[in-house]
Amino acid sequence: MAASSDTMLKKPHVGKKRKPPTRYWERTEEDGKNDGKKQKEGDNNEQTPQQNNTRTKKGGKRGGKRGGAGKKVISGKSDPFPGSAPVPEEKLKKFRRGVKGELPPRPQYKLRDVVIRSEAASDLAQKQNARYDLMLPEDAGFLEGDEDEDTCTISQDDIVDAVDITAGAKYFNLTLSQFGPYRLDYSKTGRHLLLGGRRGHVTCLDWQSKQLMCEMNVMETVNDVKWLHSEALFAVAQKKWLYIYDNKGIELHCIRKFNDVLRMQFLPYHFLLATASATGFLQYLDVSVGKEVVAICTKAGRLDVMAHNPHNAIIHLGHSNGTVTLWTPNQREPLVKMLCHQGGVRSVAVDKTGTYMVTSGMDKKLKVYDIRAYRPLQSYFLPAGASCLSLSQRGLLSAATGDIVQVYRDVWGIPVTKPYMAHRAKGSVWGVHFCPFEDVLGVGHGEGFTSMVVPGAGEPNFDGLDANPYRSAKQRQEWEVKALLEKIQPELIGLDPSQLSQVDHSTWEQRHEDRVQVLGFDPLAKEKFTPRLKTKGRSSSGKVEKRKKQVAHEDQRDVIRQTVEDRMKIDKERKEKEKKKAAAAGQKSALDRFRK
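Residues numbered from 1 in each chain as written. Predicted model: local features only at pLDDT ≥ 70, side-chain atom pairs only at ≥ 80, totals over all residues. Heavy atoms only, no water.

- As recorded in an unreviewed UniProt entry, the protein chain goes by WD repeat-containing protein 46 and comes from Oncorhynchus tshawytscha.
- In the Subcellular location (unreviewed entry) part of its UniProt record, the protein chain is described as follows: "Nucleus, Nucleolus".
- In UniProt, the protein chain has this text filed under Subunit (unreviewed entry): "Part of the small subunit (SSU) processome, composed of more than 70 proteins and the RNA chaperone small nucleolar RNA (snoRNA) U3. Interacts with DDX21, NCL, NOP2 and EBNA1BP2." (UniProt positions renumbered as here; feature names shortened; annotations may be inferred.)

**Thoughts on the pattern of salt bridges**
Now for step 1: Counted according to the given criterion, the structure contains 15 salt bridges.
Now for step 2: Here Asp571 and Arg574 are joined by a salt bridge, their closest N and O atoms 3.8 Å apart. Taken together, the residues span about one helical turn, with Asp571 and Arg574 both in helix α11 (residues 557-586) at a distance of three residues.
Now for step 3: The class of Arg574 is partly exposed, set by a relative accessible area of 42%.
Now for step 4: Three or more residues are tied together by salt bridges with common partners; here these are Lys352, Arg394 and Glu459. (Salt bridge = Lys/Arg side-chain N within 4 Å of Asp/Glu carboxyl O. Helix = DSSP H or I, 4+ residues; strand = E, 2+ residues; numbered from the N terminus. Buried < 20%, exposed > 50% of the residue type's maximum accessible area, 1.4 Å probe, protein only.)

**Comments concerning helix α9 (residues 508-519)**
Now for step 1: A rise of 1.5 Å per residue sets the reference length of α9, with its twelve residues, at 16 Å; its end C-alpha atoms lie 16 Å apart and thus fit the reference within 8%.
Now for step 2: Gly520 occupies a position one or two residues after α9 and carries a positive phi of about 90 degrees. (Expected span 1.5 Å × (residues − 1).)

**Here we look at the pairing of strand β23 (residues 397-401)**
Now for step 1: The buried count for β23 comes to five of five residues, which makes it a mostly enclosed element.
Now for step 2: Alternating residues of β23 divide into Leu397, Ala399 and Thr401 and Ser398 and Ala400, and every residue in both groups is buried.
Now for step 3: Between strand β22 (residues 388-391) and β23, which pair antiparallel in sequence order, lie five residues; one of them, Gly395, sits at a positive phi of approximately 95 degrees.
Now for step 4: Sheet topology note: the β23/strand β24 (residues 404-408) ladder contains five bridges and is antiparallel. The partner of Ala399 across the bridge, within β24, is Gln406.
Now for step 5: Once β23 ends, the chain turns through two residues before running back antiparallel as β24, passing Gly402 with a positive phi of about 70 degrees. (Pairing = 2+ DSSP bridges.)

What follows is the structure in structure tokens.
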């Protein structure tokens, strides 16, 4: 017994107080050498049974998982930065998907579980997008001048001399004086350019590699050109009808229902081509099936000013009386009608977020509107007015006046006193368009086409699943199939796209009224009583009328019951009021003693 007690006293039951682990940035070279010696000595020593037990519990796998702040792994070192890296709140706000709604009550447990899972997936997608946004390679920049130097005085030649060869090659001129002036359009990926001359010249090319895809002359007036869902098809609004061509210049369709088309806009997520004609008709063509969706008579005369809102796919039309109207294929009347100018509207542009609209009119004014509240934010006076407007992905505004193209920055914020950049074209400008994902502004004029370098115009990072400028032919085909499967129906176009995710709380009566209005009759209405045909003279006209009178009161039974209930309710309320008045009159007060 004594020997065993001595041995127990020799073994201390309390271990030595260990020092807290030092961080890797606090260690010196000598500490690192000592750690290496300790590790070699520890490898020669036998493992304790506790360590063996922990290894057997973990399944005998080598290495360990990253532990928390106080946990250690098999290697014996603690993680200096435990857990996942924090995400900045600003990045989370950028990818936030609306406001979370209230959960359904507990009895609806299935719907509650579905909502909880969808919100968890939305939160995970928001965090992952914010994390990947930190790794994006490109940043947006702007043109900055030297001290006391205005950026609008910097010419395109000065910019080309200062930038690298690749960026400098984006500034070029195409001299096409024979068939001008030109309208232009860039594809959704920003890699292909489509030009249409007033005198019939149509060409499309890969403007970055300067590779010509097709060139032709349609031998009649060309009013507008527009790329469709990909760079394989484009539409040309010619003098009489609308034509569809492929990128080899082969005519695929001649749509004679669309005549005298002046302007076109394409809705990429709906596969709809919206056209405005000289006869005052707004028409929608579904390019996936080749059918006309709707033709709306605007009753506003010639339509030569058109723009579309990328956020909600609403079409904006400018009219000669100074108004701008907002249209959807679901209604025959305009959703909104705004009086913007005292003269006719010359051009309209809407930013990609669907928040701001910029208009220019014959009154030589350029106005910025907040579409959410339908009120003007800023108003600028231009000496000669602006004939063409275009907004870039980063919010730069280009305004063409005669042969001068001016670019403005932050027009809806602080009032702008001078342009950000300016350039004089070789002829009168007929169309301007910013290239997606590039700091390039295309200008179509009477002498051909000019590609300007505008620093800070394009979005620096693109979504490869939506618009990939470097995709191959196979990737384009796969994207086209997926886009067709995800096509949005025209019935879902509205002013507020967020309403699609909300629950419809309309009552049964409201839904029934809408159904009656759509069908033109009440499907739940009772059929009128028709007497059954009887034999042996019992179906004479007199007896039939007698039978009709016997059941005539049954149709009015519900109405009579409702009127009786309403009358009883009114009588009951009147009696209660009389009782209250009598009770108030029966109460005694201190002033009753003075009454005679």
